[in-house]
Amino acid sequence: MAGSGRVRARPNILVTGTPGTGKTTTCSLLVDATQLRHINVGELVKAKNLHDGWDEEFECDIINEELVCDELEDKMEDGGYVVDYHGCDFFPEHWFDRVVVLQTDNSILHDRLTSRGYMGAKLMNNIECEIFQVLLEEARSSYAENVVVAMQSNSVEDISNNVATLAEWANNWRPDGS
Ligand code: ADP
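Note that the coordinates shown come from a computational prediction; the quantities given were computed from them, not determined experimentally.

Draft legend 1. Inspection of the environment of Ala121 at higher detail. Relative to the helices and strands, Ala121 resides in helix H5 (residues 120–131). For the pair Ala121 and Phe58, spaced 63 residues apart in the sequence, the C-alpha separation amounts to 6.4 Å. Sequence-distant contacts of Ala121, defined by excluding residues within four places in its chain, comprise Glu57 and Phe58.

Draft legend 2. Layout of the nonpolar core. Membership of the largest hydrophobic core comes to 28 residues, with the highest contact counts inside it found for Val68, Leu72, Val83, Phe91, Phe96 and Tyr143. Of all the secondary structure elements, the ones that give two or more residues to this core are helix H2 (41–48), helix H3 (65–78), strand S5 (81–84), strand S6 (98–103) and helix H6 (134–142). Take this core: its biggest share by element is 4 residues, from H3. In terms of nonpolar packing, the next biggest core, distinct from the first, is built from 15 residues, Leu30, Ile159, Leu166 and Ala170 among them.

Draft legend 3. Summary view of the UniProt feature "binding site: ATP" (unreviewed entry) in the chain. In this structure's numbering, the residues bearing the UniProt feature "binding site: ATP" (unreviewed entry) are Gly20, Gly22, Lys23, Thr24, Thr25 and Arg116. Lining the largest pocket, from this annotated set, are Gly20, Gly22, Lys23, Thr24, Thr25 and Arg116. Secondary-structure assignment places Gly20 in the loop between strand S1 (13–16) and helix H1 (23–33). What Gly20 contacts, discounting residues up to four positions off in sequence, is Leu109, Arg112, Leu113 and Arg116. Summarising the element assignment, Thr24 is placed in helix H1.

Draft legend 4. Representation of helix H7 (residues 156–172) within the structure. The terminal C-alpha atoms of H7 lie 24 Å apart, and with 17 residues this matches the ideal 24 Å at 1.5 Å per residue to within 8%. Here H7 has its buried residues at Asp158, Ile159, Asn162, Val163, Leu166, Ala167 and Ala170. Considered in projection along H7, the buried side chains sweep an arc of 155° and stay on one side of the axis. Across H7 from its buried face, at more than 90 degrees, point the exposed residues Glu157 and Glu168. Against S1, H1, S6 and strand S7 (148–152) lie the buried residues of H7.

Draft legend 5. Region of interest: the environment of Gly80. Within the fold, Gly80 resides in the loop between H3 and S5. Residues Gly80 and Leu36, 44 residues apart in the sequence, show an inter-C-alpha distance of 4.8 Å. Setting aside chain neighbours within four positions, we find Gly80 in contact with Arg10, Pro11, Asn12, Gln35, Leu36 and Arg37.

Rules of the game
Residues numbered from 1 in each chain as written. Predicted model: local features only at pLDDT ≥ 70, side-chain atom pairs only at ≥ 80, totals over all residues. Heavy atoms only, no water. Helix = DSSP H or I, 4+ residues; strand = E, 2+ residues; numbered from the N terminus. Contact = heavy atoms within 4.5 Å. Core = buried A, V, L, I, M, F, W, Y, C linked by side-chain atoms within 4.5 Å. Buried < 20%, exposed > 50% of the residue type's maximum accessible area, 1.4 Å probe, protein only. UniProt positions renumbered as here; feature names shortened; annotations may be inferred. 1 Å grid on protein atoms, 1.4 Å probe; cavity = no way out; pocket = protein on both sides within 12 Å on 5 of 7 lines; lining within 4 Å. Expected span 1.5 Å × (residues − 1). Arc of directions from axis to C-beta.

See below:
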């Protein structure tokens with residue numbers, strides 16, 4: 001917890017991965033199984049206007065990372081949150097006790113994204129992001145090795161297993177690491 005200046009009573013978990021890998025679904029089930037609360041960063045950005053406009057090519061908000069971090073800071077210092085976002089390199093490293101990278105096979109992800117209406121550059125960009133394991137690399141270069149875990153998210157069974165594993169970890173977490 002280097003750099004935080006204080007000890008959290010409960011852990012923070014970051015759930016990241018390419019859009020469509022199941023972050024929001026996983027986080028919703030995880031908060032039902034723990035005392036943690038869910039923060040969906042994409043929704044927060046929209047609700048509080050924490051962006052610098054709209055990216056026409058990729059059809060998404062251009063988020064203002066500094067405003068997002070300012071908004072989350074007090075909550076992260078308190079602890080007890082599951083944060084859900086398709087990026088992870090701009091959060092302070094000391095915020096998270098576990099960083100989960102969800103991964104999905106390309107053909108499955110392709111179907112999920114097309115049924116969400118993604119096409120063109122947005123679809124291709126996200127499929128390439130998954131093929132090249134961009135989020136896993138980003139997590140590994142931003143957080144300590146023992147904090148980052150990759151989890152498969154191809155099926156409903158995967159989600160149940162992932163939620164059970166993470167809930168057990170969170171419910172047994174102790175501030176002093178004992
Ligand atoms: P993300 O938050 O990563 O963009 P979502 O949780 O919104 O992903 O999931 C996108 C869609 O894919 C939803 O319809 C969800 O039900 C489905 N989905 C996500 N993960 C899985 C999975 N492991 N198995 C089956 N369906 C999934």
